[in-house]
Amino acid sequence: MSQDSADFDFTTPLDRRVYPTTKWHLYDEDVLPLWVADMDFAVAPAIQTALAERLAHPVFGYTHADKTLKQTLCQWSRERYGWEINADWQHWLPGVVPALHVASLALTEPGDGVLTVTPIYPPFLKVADNTGRTTQTAPMRAPTENDPLWRLDFDAMEAAVTPRTRLLLWCHPHNPTGRVFDDEELARLADFIERHDLIVCSDELHCDLILDGSAHRPLAMIEPRLAKRTITLWAASKTFNVAGLTSACAVISDDDLRARFKRGCLGLMPSENIMGETAAKAAYAHGEPWRQALLAQLRDNVALIESFVARWPGVRMSVPQATYLAWLDLREAGLGESPQKALLKRARVALNNGADFGWPGFARLNFGTERAVLEKALTRMDALLAPSEV
């Protein structure tokens, strides 16, 4: 099923208001939504075909991840990451956020500490409270003139950890900064994890969206000493734009850890999603040409954002290394206490509020949309953020 990148359309606008959508129905019709992390692009034709073929069989009872799906993910991991995983390591379930909660409930005790670094995808910050555990956070080091990247602050992490810390919620590549952590940082992280005897839930949802085309390095692969204490979470949802089909996979090589996690799912997780697993199988088997075309489109969109940010005094952005998310520092943009609210009210552009990620004054912009939509939104923001011409 070979296709050329020219076969894929990332320019034709799709009316997503035809059906109920979280992204396009939260705000009024005159608002351009660049917030929640799903894209506006049509999914790969191979996925559409696979779903149509499955719909042709009119029974949709309980299902399970079959041998073909598991072997397809094993092949994807081997060819994309150089990591040989076993089909038996896989536990499929309906989403990464539920998996984070299961990890907390199944692998910690009430009152234990759940640690994460900020800024971070907002559900991370709710897991501990939702499960009767203690939220612990450590801020990252923001970019400087001498270092344009977001970095882990290990001193802050040491200050945040306690003897009751049991679980680290990790995001790699990082949402919202788009950071791809290097081997030195991952080695220091592994030291930290071992020293404090932590279990790691590694959300690697954006791992197939590394913008320079380099290979993802799963934490449990690059640091094998962590394999016995790591739950790796993958899904086709972000890369292939099928988040609404709610399907993800926990890859756990350690038999005991996997058994504990699976027991934690009993009674809490519904049956696996037929259409989600159908889409995942098609994505991992036939979606690579579409993914490469997508990456090219996202790189062009990043360049467009850079050209606008360069015009905006007081606005800074560390260029994302991965994801379709830009993390904007608007603290000195003159927009008041909540730049996100100011942009919504005055420019009619909806971004994510940085306060929800633990960093007020920032905003997350989703650039996984048609260039025309992105350019229109940036032009609206430009009218508010660029210097007035005399």
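Think of each chain on its own: its residues are numbered from 1, step by step along the sequence as written. Reporting of local features is limited, given that this is a predicted model, to residues whose pLDDT is at least 70; pairs of side-chain atoms are given and counted only at 80 or more, and all residues count toward the totals for whole chains, interfaces and linings. To get the side-chain values, all heavy atoms of the structure are used, and hydrogens and water are removed first.

A. Here's a closer look at the overall build of the chain. When you go through the chain residue by residue, the secondary structure sums to 13 helices and 13 strands. Radius of gyration here is computed from C-alpha atoms only, and the compact-globule reference equals 2.2 Å multiplied by the residue count raised to the power 0.38. For the chain, whose C-alpha radius of gyration is 21 Å, the value lies close to the compact-globule estimate of 21 Å for 390 residues. A principal-axis box enclosing the C-alpha atoms of the chain has dimensions of 70 × 55 × 35 Å. Scored against the burial criterion, the 390 residues of the chain give a buried share of 57%. For the area figures, the Shrake-Rupley method with a 1.4 Å probe applies, and any residue is considered shielded solely by the protein chains shown. When the accessible area of the chain is evaluated, it comes to approximately 16,700 Å², of which 51% is carbon and sulfur surface. When charges are counted, Lys and Arg contribute as positive and Asp and Glu as negative, whereas His and the chain ends are disregarded. One atom stands in for each charge, and that atom is NZ of Lys, CZ of Arg, CG of Asp or CD of Glu. The distance from the centre of the 40 positive side-chain charges to the centre of the 50 negative ones in the chain is 3 Å. Per the convention used, a helix needs a DSSP run of H or I reaching at least four residues, while a strand needs a run of E reaching at least two, with both numbered from the N terminus. Remark: exposure states derive from per-residue accessible area (1.4 Å probe, protein chains only) relative to the maximum for the residue type, with buried under 20%, exposed over 50%, and partly exposed in between.

B. Representation of the UniProt feature "domain: Aminotransferase class I/classII large" (unreviewed entry) in the chain within the structure. UniProt positions are given in the numbering used here, feature names are shortened, and annotations may be inferred rather than shown by experiment. Summarizing the sequence annotation, UniProt attributes the feature "domain: Aminotransferase class I/classII large" (unreviewed entry) to residues 30–380 in the numbering used throughout. As annotated, residues 30–380 comprises 37% helix and 16% strand, and the C-alpha atoms at either end are separated by 12 Å.

C. Fine view of the sheet that holds strand β8 (residues 248–251). Spatially, β2-β8-β7-β6-β5-β3-β4 is the arrangement adopted by the seven strands of the open sheet, whose pairing is mixed. The sheet terminates laterally at β2 (90–93) and β4 (134–139), the two strands that pair on one side only. For this sheet, the mean angle separating the axes of adjacent strands, direction not counted, is 25°. What makes two strands pair is DSSP finding at least two bridges between them. Examined bridge by bridge, strand β6 (residues 199–203) and strand β7 (residues 230–234) share four bridges and lie parallel to one another. Its bridge partner lying in β7, C201 is registered against I231. Note on definitions: angles span 0 to 180 degrees between N-to-C directions of axes, and those axes are lines fitted to C-alpha atoms, for helices only across the stretch in contact.

D. Spatial organisation of helix α4 (residues 96–107). One less than the number of residues in a helix, times 1.5 Å, gives the span that helix is expected to have. With 12 residues, α4 ought to run about 16 Å at 1.5 Å a step, and its terminal C-alpha atoms sit 16 Å apart, in line with that. Those residues of α4 lying buried are V96, A99, L100, H101, V102, A103, S104 and L107.

E. Representation of the packing of helix α11 (residues 288–309) against helix α13 (residues 371–385). Close contact between α11 and α13 brings their axes to 11 Å; oriented N to C, the two are set at 15°. With respect to α13, the axis of α11 lies roughly parallel. Between α11 and α13 the crossing geometry is right-handed. Two secondary-structure elements touch here, α11 through Q297, D300, N301, L304, I305 and F308 and α13 through R371, L374, E375, L378, T379 and D382. The nonpolar class holds Ala, Val, Leu, Ile, Met, Phe, Trp, Tyr, Cys and Pro. Asp, Glu, Lys and Arg form the charged class, and all remaining residues, Gly among them, are polar. The class makeup of the residues in the contact of α11 with α13 is five nonpolar, three polar and four charged. Orientation categories follow fixed angle ranges, with anything under 35 degrees roughly parallel, anything over 145 roughly antiparallel, 65 to 115 roughly perpendicular, and all other angles oblique. Left-handed describes a crossing whose near helix is turned anticlockwise from the far helix by less than a right angle; the clockwise case is right-handed. Contacts are residue-level and defined by heavy atoms, with any inter-residue pair within 4.5 Å sufficient.

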